[in-house]
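Architecture at a glance
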Amino acid sequence: MALKIAKTQWRDVVLVCRKCTKKLDGKGFGPDGDKTLKKALRKYLKAGKGKKAELVVKETDCFDVCPKHAVVANNTARPKALLIVPAGADLFEVKARLGLDDDRRLKPSFKVVGEG
């Protein structure tokens, strides 16, 4: 059988540890703390599913880091950096630490009146 290529529109792929998620009973993230990291990131980042999405969040097998009360995540564009995300972490900071650019500013820019 010949090798084939399935084309995607993926710009970023975030992998989230399935085993860590299970240890937290599938909760701990989002505004109410009632979502998994995968679901919270999907909603926050407006990530899609399937080959036509630009950003996808997928669960994967264990990264063999196994932190307590946290989940390991990774942006596949940066394979040397595994992010350990504690339960209840701010999703804005998670996005920034994963190196995802969704056109949101990290800090509001202020303009001083009278300065050009």
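As the structure is a computational prediction, the values presented were derived from the model and not from experiment. (Residues numbered from 1 in each chain as written. Predicted model: local features only at pLDDT ≥ 70, side-chain atom pairs only at ≥ 80, totals over all residues. Heavy atoms only, no water.)

Broken down by element type, the protein chain carries three helices and four strands. When the helices and strands of the protein chain are placed in sequence order, the string is β-α-α-β-β-β-α. Counting over 116 residues, the protein chain shows a buried share of 32%. Of the roughly 8,500 Å² of accessible surface on the protein chain, 53% is carried by carbon and sulfur atoms. (Helix = DSSP H or I, 4+ residues; strand = E, 2+ residues; numbered from the N terminus. Buried < 20%, exposed > 50% of the residue type's maximum accessible area, 1.4 Å probe, protein only. Areas by Shrake-Rupley, 256 points an atom, 1.4 Å probe, with all protein chains shown as cover.)

Turning our eyes to something else, we now look at the side chain of D12. Mapped onto the fold, D12 is located in strand β1 (residues 12-17). Among the residues examined, D12 registers a relative accessible area of 10% and is labelled buried. When neighbours within four sequence positions are excluded, D12 is seen to be in contact with E54, L55, V56, N75, A77 and L100. (Contact = heavy atoms within 4.5 Å.)

Evaluated as defined, the whole model comprises six salt bridges. Note that D61 and R18 form a salt bridge whose closest N and O atoms lie 2.8 Å from each other. Placement of D61 in the loop between β2 (55-60) and β3 (70-75) and of R18 in helix α1 (residues 18-23) is noted, with a sequence separation of 43 residues between them. Notably, a salt bridge pairs K35 with D34, separated by 3.9 Å at the nearest N-O pair. Three or more residues joined by partner-sharing salt bridges are found here, namely R11, D12 and E54. (Salt bridge = Lys/Arg side-chain N within 4 Å of Asp/Glu carboxyl O.)

Let us now look at the sheet that holds β2. Strand order in the open sheet made by the four strands is β2-β1-β3-β4, with mixed pairing throughout. Two strands in the sheet have a free side with no partner beyond their single neighbour: β2 and β4 (83-86). Neighbour to neighbour, the strand axes of the sheet diverge by 30° on average, direction disregarded. Here four bridges tie β3 to β4, and the two strands are oriented antiparallel to one another. Bridge assignment links V71 to a residue of β4, and that residue is V85. (Pairing = 2+ DSSP bridges. Axes fitted to C-alpha atoms, helices over the stretch in contact; angles between N-to-C directions.)

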